[in-house]
Amino acid sequence: MLRNRFMVFIFLLLLITAYSVEGLCLAESTEQEANSAISKAEGSLNSAYVSVIEGEKAGGDVAGLVKDLNGALEYVSASKNFLVANEFDAAKADAERARGISDSVARDAAVLKSWATSQGEIQFRDNLILSSLLAIAIVLIGFRGWFVFKGHYLRRMAGMKPEVVHDEPG
Amino acid sequence: MSLDDWHLTFILICTVLIVAAFIPVVSAFLPRNEEPFFALAVLGENGMAEHYYPDENSTIKVGTEVHWFIYIYNHMGKSQYVSIRVKILNSTIMTPNSTSCTPSEAPTTHEIRRILLENQTWSYPFNWILQNVTKFDNSTTINSLLINGERLQSNIRARNGYNFRLVFELWVYDPSSDDLVFGWKSGQEPSCAWNQIWFNVTSTR
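Within each chain, residue numbers correspond to sequence positions counted from 1 in written order. Lettering of chains starts at A and numbering of ligands starts at 1, both following the order in which they are written. Only residues with pLDDT of at least 70 are given local features in this predicted model, and only at 80 or more are side-chain atom pairs given and counted; all residues enter the totals for whole chains, interfaces and linings.

Caption draft 1: Focus on the domain arrangement of chain B. Each domain's extent is set by a domain assignment, obtained either automatically or from a database. Per the domain assignment, the segments of chain B are domain 1 (1-30) and domain 2 (34-202). On a C-alpha basis, the centroid separation for the pair domain 1 of chain B and domain 2 of chain B is 55 Å.

Here's what the structure looks like:
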């Protein structure tokens, strides 16, 4: 009887110890997870920013994407504050939100870059065509204008009568 | 004017018009000659360069809220990812070096990150309160302060509470190093922006 009670006591002791150790391990891993989530969020944010810059360089309007990225930055900032306050779950959650936004911005920025590049090419082609047409029109109008002017000028010259002026004796 | 003179005039006018017609095409290849820069300023409670201290007294009491604004303008030719690092210094800690663009060695107390569009101005409210200040002999130590509601630790001390300063450094994300760096490149020259505001501290409320 006593032996059974002792075995139950040992079992409960082991159970409580195991639970405590598990709890500690969970708390530690949550802090690590939160730190890791913040690092990943910052990495995603940096990549998204580079994608936004490429989209902007291609001529795209990135105002909306920058606004979203600033939202992601606020989540990262909040996440760091939670980490300092040992609120690891909240820290991890905010970091993951920031990462989600950043990844979404990176995808949108890639699409924007592709669209802006093709738009830029179309605009360049249109400008080239319009400028060429304008140049041809200038040459044609110039030629036509020159010949009209030349004819007018020559007719006027031909219609002129030479005038002889005699010097008066002094 | 002779006919030859008129002929030359016509050719010149046509050439000028043809060159003008190609300006939209050529402009796509023209380099930007503007100098890139950031502007950083710390403004007083009205958003102007005045009224930095409550009651115009530069000796700040514990628990007194100070209202400033951090002003940044991006003229770098593209969107920029920036960070403002706020550091508390006394009169002996080295400030950032504007020539070599080296940041202050003091630890960052508070950091604000933001992505600014080209030509965008951003004004950020910076409200701070000295929360815990201790005085021992002639030395006054700032132990903690609240910046925009966030409690931050510090251990900066100054003799008799004189000549503390808050330094604001502008750090910019550099894609090549994948990190924030103090300052930026303006052509081949390094440029940087930082600001400081001096204040004294009294441990009385």
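Caption draft 2: Up close: the interface of chain B and chain A. Listed per partner, the contact involves 22 residues of chain B and 28 residues of chain A. Elements with a minimum of two residues in the side of chain B that touches chain A: helix H1 (3-21), helix H2 (23-26) and strand S5 (110-116) of chain B. Each helix corresponds to a stretch of at least 4 residues labelled H or I by DSSP, and each strand to a stretch of at least 2 residues labelled E; elements are numbered beginning at the N terminus. Looking at the side of chain B that touches chain A element by element, the count peaks at seven residues for H1(B). In this description, a residue-residue contact is defined by the distance between C-beta atoms placed from the backbone, which must lie within 7 Å.

Caption draft 3: Spatial organisation of the sheet that holds strand S7 (residues 139-147) of chain B. Residues and elements named next belong to chain B. Two strands qualify as a pair provided DSSP detects at least 2 bridges between them. Strand order in the open sheet formed by five strands is S1-S3-S6-S7-S8, with antiparallel pairing between adjacent strands. Two strands close off the open sheet at either side, each with one partner strand: strand S1 (37-43) and strand S8 (150-159). Direction aside, the axes of adjacent strands within the sheet are offset by 25° on average. Sheet topology places strand S3 (residues 65-75) next to strand S6 (residues 121-136); nine bridges connect them, and they run antiparallel. Residue pairing for S6: Phe69 is matched across the bridge by Pro125. Each axis is a line fitted through C-alpha atoms, and for a helix only the stretch in contact is used; angles between axes span 0 to 180 degrees, taken between their N-to-C directions.

Caption draft 4: Representation of unusual backbone geometry within the structure. Residues and elements named next belong to chain B. Non-glycine residue Asn119 carries a positive phi angle of around 70°. Within the secondary structure, Asn119 sits in the loop between S5 and S6. Even without glycine at this site, Asn148 takes up a positive phi of about 50°. Within the element layout of this structure, Asn148 appears in the loop between S7 and S8. Neighbour counting defines burial: a residue surrounded by 20 or more other C-beta atoms within 10 Å of its own C-beta is buried, one with 12 or fewer is exposed, and intermediate counts give partly exposed, using backbone-placed C-beta atoms. For Asn148, a count of 13 C-beta atoms within 10 Å puts it in the partly exposed group.

Caption draft 5: View of the environment of Gly77(B). All names here are of chain B. For Gly77, the location among the structural elements is in the loop between S3 and strand S4 (80-89). Separated by 96 residues in sequence, Gly77 and Tyr173 have C-alpha atoms that sit 15 Å apart. Setting aside residues up to four positions removed in sequence, Gly77 forms contacts with Arg32, Pro36 and Glu118.

Caption draft 6: Highlighting the pairing of strand S13 (residues 194-202) of chain B. Residues and elements named next belong to chain B. Both strand S2 (residues 59-61) and S13 contribute to a ladder of three bridges, which runs parallel. The partner of Ile60 across the bridge, within S13, is Val201. With six bridges joining them, strand S9 (residues 164-174) and S13 adopt antiparallel strand pairing. Bridging from a neighbouring strand, Glu169 pairs with Trp194 of S13.

Caption draft 7: Here's a closer look at helix H2 (residues 63-84) of chain A. All names here are of chain A. In this scheme, a helix's expected span is set at 1.5 Å multiplied by one less than its residue total. Over its 22 residues, H2 extends 32 Å from the first C-alpha to the last, a length consistent with the 32 Å expected when each residue adds 1.5 Å. Listing the buried residues of H2 in full gives Leu65, Val66, Leu69, Ala72, Leu73, Tyr75, Val76, Ser79 and Leu83. Along the axis of H2, the buried positions cluster into a sector of 165°, meaning they face one direction only. Opposite the buried face of H2, by more than 90 degrees, sit the exposed residues Ala63, Gly64, Lys67 and Val84. Looking one or two places after H2, you find Asn86, whose phi comes out positive at around 60°. Directions drawn from the helix axis to the C-beta atoms are what define this arc.

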